[in-house]
Amino acid sequence: MSSEEQPVAASPRIGLLFGSFNPVHTGHLILAEYFATRTDLAAVWLVVSPQSPFKVDDPLLPDTERLALLRLAVAGNPRLRAEDLELTLPRPSYTISTLDALRQRYPTHEFVLLMGGDNLAGLPRWRAADRLTTELDLYVYPRPGAPLPDLTAFPRAQVMAAPLLDISATFIRASVRRGQSIRYLVPAAVEQEILTRGYYRQTP
Ligand SMILES: Nc1ncnc2c1ncn2[C@@H]1O[C@H](COP(=O)(O)OP(=O)(O)OP(=O)(O)O)[C@@H](O)[C@H]1O
Ligand SMILES: O=C(O)c1ccc[n+]([C@@H]2O[C@H](COP(=O)([O-])O)[C@@H](O)[C@H]2O)c1
């Protein structure tokens, strides 16, 4: 083992941050880094969703391009990983199906779902919500303007006040379309790729 390599725990706890990442931005990365370095998680995997069940009509940059941007964003960070498993699964992307596939592929890993308070309120409408709320820990970060739902319905949820940046992928796409700067809103390598390849100049 080289001096740079870290020993991997037998049953690492991995945080999963699901999203369309259209594109990934600094808000996602600050959040992922926070959970990967200040909680009991060994790493955070950012799982690219080809198609959220709640956003089926939204135009998206193709999966492989969103994944490539995500890979650029996490390059060199041993605690963050761009996870592409969901790209191979049926669409829309149901989190429970992805979780089952991840557990099959990584039987010794213990997965934890990371989600904003806004998403938690909608969780009872997700497929197999009862399994998601009872089979795994949920680390919930409050989001401004979205009151947390009654947590008694989510026995395995723990609220963690992660630092949040008030930006969204929607804001970044609109900025590019208007020719406005996205410097610092996304990592430099992601900015360069978006501008060089002309992503988001028109919808999406
Ligand atoms: N600035 C942010 N701070 C914390 N969490 C965020 C932020 N932006 C998005 N998230 C959360 O990250 C996850 C993935 O987000 P997603 O890819 O849908 O990005 P988004 O910026 O919300 O996209 P869009 O604007 O296209 O809806 C979601 O759970 C979302 O709630
Ligand atoms: O599994 C479900 O039923 C489900 C319902 C809504 C959203 N999700 C997942 O939650 C993630 C964020 O979705 P969204 O719509 O907030 O961008 C994305 O990975 C979706 O696939 C999953």
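The preceding data block contains the structure.
Residues numbered from 1 in each chain as written. Chains lettered and ligands numbered in written order. Predicted model: local features only at pLDDT ≥ 70, side-chain atom pairs only at ≥ 80, totals over all residues.

Novice: Go over helix α1 (residues 26–38) with me, naming the residues and quoting the values.
Specialist: In a regular helix each residue adds 1.5 Å, so 13 residues correspond to 18 Å; α1 covers 18 Å between its end C-alpha atoms and thus fits that length. Along α1, the residues classified as buried are His-28, Leu-29, Leu-31, Ala-32, Phe-35 and Ala-36. Angularly, the buried residues of α1 cover 165° about the axis, an arc narrow enough to put them on a single face. For α1, the exposed residues set more than 90 degrees away from the buried face come down to Thr-37 and Arg-38. Those residues of α1 that are buried lie in contact with β1 (13–19), β2 (43–48), α2 (63–74), β3 (80–83), β4 (110–116) and β5 (138–141). (Helix = DSSP H or I, 4+ residues; strand = E, 2+ residues; numbered from the N terminus. Expected span 1.5 Å × (residues − 1). Buried ≥ 20, exposed ≤ 12 C-beta atoms within 10 Å, placed from the backbone. Arc of directions from axis to C-beta. Contact = placed C-beta atoms within 7 Å.)

Novice: If you had to explain unusual backbone geometry to someone new, which residues and values would you point to?
Specialist: For the peptide bond that leads from Asn-22 to Pro-23, omega is 5°, which places it in the cis range. Summarising the element assignment, Pro-23 is placed in the loop between β1 and α1. Arg-91 connects to Pro-92 through a cis peptide bond whose omega is 0°. Even without being a glycine, Ala-128 presents a positive backbone phi close to 50°. If you trace the backbone, Ala-128 turns up in the loop between α4 (117–122) and α5 (129–135). Under the C-beta neighbour-count criterion, Ala-128 is labelled partly exposed, with 14 such atoms within 10 Å. Positive phi, normally seen in glycine, also occurs at Tyr-200, with a value near 65°.

Novice: Would you mind going over the site of ligand 1 in detail, with residue names and values included?
Specialist: Around ligand 1, the surrounding shell holds 17 residues, and the nearest of these are Gly-19, Gly-27, Ser-168, Ala-169 and Thr-170. When the residues that make up the shell around ligand 1 are grouped by side-chain class, the tally is seven nonpolar, nine polar and one charged. (Near = placed C-beta within 6 Å. Nonpolar A, V, L, I, M, F, W, Y, C, P; charged D, E, K, R; others polar.)

Novice: Lay out the pairing of β4 in plain terms, naming residues and giving numbers.
Specialist: The pairing of β1 with β4 spans four bridges and is classified as parallel. Note on β4: the bridge partner recorded for Gly-15 is Val-112. Where β4 and β5 come together, four bridges link them in parallel fashion. Among the inter-strand pairings, Leu-113 is bridged to a residue of β5, identified as Leu-138. (Pairing = 2+ DSSP bridges.)

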